[in-house]
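Summary of structural features
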Amino acid sequence: MFQKILIANRGEIASRIIRTCQRLNIQTVAVYSEADQKAPYVQMADESYLIGKPRVNESYLNVDKILQVAKDSGAEAIHPGYGLLSENAEFAKRTEEAGLTFIGPDADVIAKMGDKIAARAEMKAAGVPIIPGTEDAVANTDDAKKIAGEFGYPVMLKAAAGGGGIGMQAVYNDEELEKAFEGNSKRAQAFFGDGKMFIEKLIEHPRHIEIQVLADRHGNAVHLFERECSIQRRHQKVVEEAPSPVLSEATREKMGESALKAVASLGYSNAGTIEFLVDDEENFYFLEMNTRLQVEHPVTEQITGIDLVEQQLRVADGEHLSIQQKDLIIDGHAIEVRIYAEDPNTFYPSPGKLTKMVLPEGPGVRHELAVEGDSQVTPFYDPMIAKLVVHGENREDAIERLTKALHEYEIEGIKCNLTMLKRVVTHEKFKEGETKTTFVENYYLPTLTNH
């Protein structure tokens, strides 16, 4: 096993990785920007290095600086966490070229899955169901309208690169498409350096369900069941649970098999997630693959008892998977909510001084913290404050524990989305498992007009 690793990330995921490393007696090297000097993870690591100014392009995206710190500190491997450089194929390649182990899949796999058009083609060849859509990038608005006419409206316009809902928009007619195409292309170019767009037939009111996979470098792979991530705002997840409240055992098995087909086709190793859209008849379609650890990975850990970060480390170090599919079972139900510094009505970030934070405690309650009380939530990064994860014997038990915990949570000094989360998880439709990607617009936003 590695003796020392560098964590090329920040916030709660850096702290999360450090905890597993501490348990495994692996030394950790943290990197931080000027804005993160007092962050909890910086204090937790065995060594910490300042790498630049607050903006990510001057610090957390500075590949040269990060690799230099890894070399100077004697680290043997780099864990990229999620976001930032985690799905940057060039960073993975340069890490390996520097004689270090990248704790993730090979660079060419990251590159292939990072291009949604290439990913669709790969999944289709592997026999994984895909949404009807364009095989190549759409050149211009006129071509886009012609293609949309062939598929029939509504369609989903998507950026070929990136994620987080950026460059993605549902359109219902030619006029909307004409307005959306150029704007989303420019946005994708600005965020990802790639303005290519493609079009898919819109699956209306779907569920967003993903399969967690683990694979080693020796051809062994398992799936760790599904997570439902349908409660979203601005196309970004805010509530995730495992297992899905509605998926049948037969569909769960089919989705797991499809995910493993994808892994085998790619020659994939390490942790990854195959994301699907699922309709009311439980037909499922490939959405994308995340070639990294997910923000919502704790719910899978809670229902399987498996430390995914530990598995990432062991696989990267060349070990065989010690887990077999036949031994995996679902134990209870877990739900995660993301607590953000944001206006609960508009969902706009609301950074500032966090003056007080009181965490709920109790059986089945887990916290992943990005900041602590009396600290600053800066405007430079994702405004996540924390993740609250609960585990119960069943979904009803988990919802009850989550509701209690959310009402005991206290945050002062800045706006946050606690009120939104409370309304969502206590809504009758949520309790009934009516958790579709349109939940927030159908059931949460209308309540704001009544308050």
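Residues numbered from 1 in each chain as written. Predicted model: local features only at pLDDT ≥ 70, side-chain atom pairs only at ≥ 80, totals over all residues. Heavy atoms only, no water.

Definition in use: UniProt positions are given in the numbering used here, feature names are shortened, and annotations may be inferred rather than shown by experiment.
Taking an unreviewed UniProt entry as the reference, the protein is identified by name as biotin carboxylase belonging to Halobacillus trueperi. What UniProt records for the protein under Catalytic activity (unreviewed entry) is the sentence "N(6)-biotinyl-L-lysyl-[protein] + hydrogencarbonate + ATP = N(6)-carboxybiotinyl-L-lysyl-[protein] + ADP + phosphate + H(+)".

**What about the sheet that holds strand 7 (residues 169-171)?**
Convention followed: Strands are labelled as partners when DSSP assigns at least two bridges between them. A run of DSSP states H or I qualifies as a helix once it reaches four residues; a run of E qualifies as a strand once it reaches two. Both are numbered from the N-terminal end. Note on geometry: axes are lines fitted to C-alpha atoms, helical ones only across the stretch in contact, with angles between N-to-C directions running from 0 to 180 degrees.
Judged by pairing direction, the sheet is antiparallel, and its three strands sit side by side in the order 7-6-8 without closing on themselves. Two strands lie at the open edges of the sheet, namely strand 7 and strand 8 (197-201), each paired on one side alone. Between one strand and the next, the sheet's axes are offset by a mean angle of 30 degrees, whatever the strand orientation. As defined by bridge partners, strand 6 (residues 155-159) adjoins strand 8 across five bridges and the pair is classed as antiparallel. Following the sheet pairing, Val155 is matched in strand 8 by Lys201.

**Thoughts on the environment of Phe347**
This is how the line gets drawn: Whether two residues are in contact is decided by their heavy atoms: any pair within 4.5 Å suffices.
As for its placement among the helices and strands, Phe347 is situated in the loop between strand 14 (333-340) and strand 15 (352-354). Put simply, Phe347 and Arg234 are 113 residues apart on the chain and 8.0 Å apart in space, counted from C-alpha to C-alpha. Beyond its immediate stretch of four places on either side in the chain, Phe347 contacts Arg233, Arg234, Glu342, Met420, Val440, Tyr444 and Leu445.

**Comments concerning the pattern of salt bridges**
This is how it is decided: A side-chain nitrogen of Lys or Arg and a carboxyl oxygen of Asp or Glu constitute a salt bridge if their distance falls within 4 Å. Summary of the burial criterion: residues with accessible area below 20% of their type's maximum are buried, those above 50% are exposed, and those between are partly exposed, where the area comes from a 1.4 Å probe applied to protein chains only.
As enumerated under the stated definition, the model contains 47 salt bridges in all. Residue Arg23 is joined to Glu310 by a salt bridge in which the shortest nitrogen-to-oxygen separation is 2.7 Å. Here the residue Arg23 occupies a position in helix 1 (residues 11-23), and Glu310 occupies one in helix 11 (residues 308-316), the gap between them amounting to 287 residues. Glu310 gets classed as buried once you look at its relative accessible area, which sits at 14%. Note that Glu434 and Lys436 form a salt bridge whose closest N and O atoms lie 3.8 Å from each other. With a relative accessible area of 26%, Glu434 lands in the partly exposed category. Exposure remark for Lys436: the relative accessible area of 13% places this residue in the buried category. One continuous salt-bridge network, built from bridges that share partners, spans Arg16, Arg19, Arg23, Glu301, Asp307, Glu310, Arg314, Glu319, Arg366 and Glu368.

**Quick word on helix 11**
Threshold: Whenever a nitrogen or oxygen atom comes within 3.5 Å of another N or O atom, the pair is scored as a polar contact, on the condition that within protein one atom can donate a hydrogen and the other can accept it, and that pairs from neighbouring residues in sequence are kept only if both atoms are in side chains.
When you tally the buried positions in helix 11, you get eight out of nine residues, the bulk of the element. Within the sequence span of helix 11, burial applies to Leu308, Val309, Glu310, Gln311, Gln312, Leu313, Val315 and Ala316. Regarding helix 11, its N-cap is Asp307, as a side-chain oxygen of that residue lies 3.0 Å from the backbone nitrogen of Val309 further along. After helix 11 finishes, the residue Gly318 shows a positive phi value of roughly 95 degrees.

**Some thoughts on the nonpolar core**
Selection criterion: To qualify as a nonpolar core, a set must consist of buried Ala, Val, Leu, Ile, Met, Phe, Trp, Tyr and Cys residues joined through side-chain atoms within 4.5 Å.
By size, the foremost hydrophobic cluster in this structure holds 94 residues, and its most contacted members are Ile5, Leu6, Ile385 and Ile411. Val109, Met113, Ile211 and Met289 belong to the second-largest nonpolar core, a separate cluster that totals 24 residues.

**What to know about empty space enclosed by the protein**
Here is the rule: Using only the protein atoms, space was sampled on a 1 Å grid; points where a 1.4 Å probe fits but cannot get out form cavities, open sets with protein on both sides within 12 Å along at least five of seven lines form pockets, and lining residues are those with an atom within 4 Å of a point. Grid points are joined across faces, edges and corners, and a volume is the space filled by probe spheres set on the points. Under the convention adopted here, Pro, Cys and the residues Ala, Val, Leu, Ile, Met, Phe, Trp and Tyr are nonpolar, Asp, Glu, Lys and Arg are charged, and Gly plus all remaining residues are polar. Residue ranges labeled as domains rest on an automatic or database domain assignment.
The final tally for this structure, using the stated rule, is one cavity of 30 Å³ or more. Of the volumes computed, that of the largest cavity is approximately 40 Å³. When the residues that make up the lining of the largest cavity are grouped by side-chain class, the tally is five nonpolar, six polar and one charged. Counting residues domain by domain, the lining of the largest cavity receives three or more from each of domain 1 (4-103) and domain 3 (207-447).

**Let's talk about the layout of surface pockets**
Roughly 310 Å³ of internal volume is contained in the second largest pocket. Lining the second largest pocket we find 21 residues, and of these Ala35, Asp36, Val371, Ser375 and Gln376 sit closest to its centre. For the lining of the second largest pocket, the secondary structure elements donating two or more residues are helix 2 (40-44) and strand 18 (375-377). Per-element accounting of the lining of the second largest pocket gives the leading share, three residues, to strand 18. When its residues are assigned to classes, the lining of the second largest pocket shows 10 nonpolar, five polar and six charged. Each of domain 1 (4-103) and domain 3 (207-447) accounts for three or more of the residues forming the lining of the second largest pocket.

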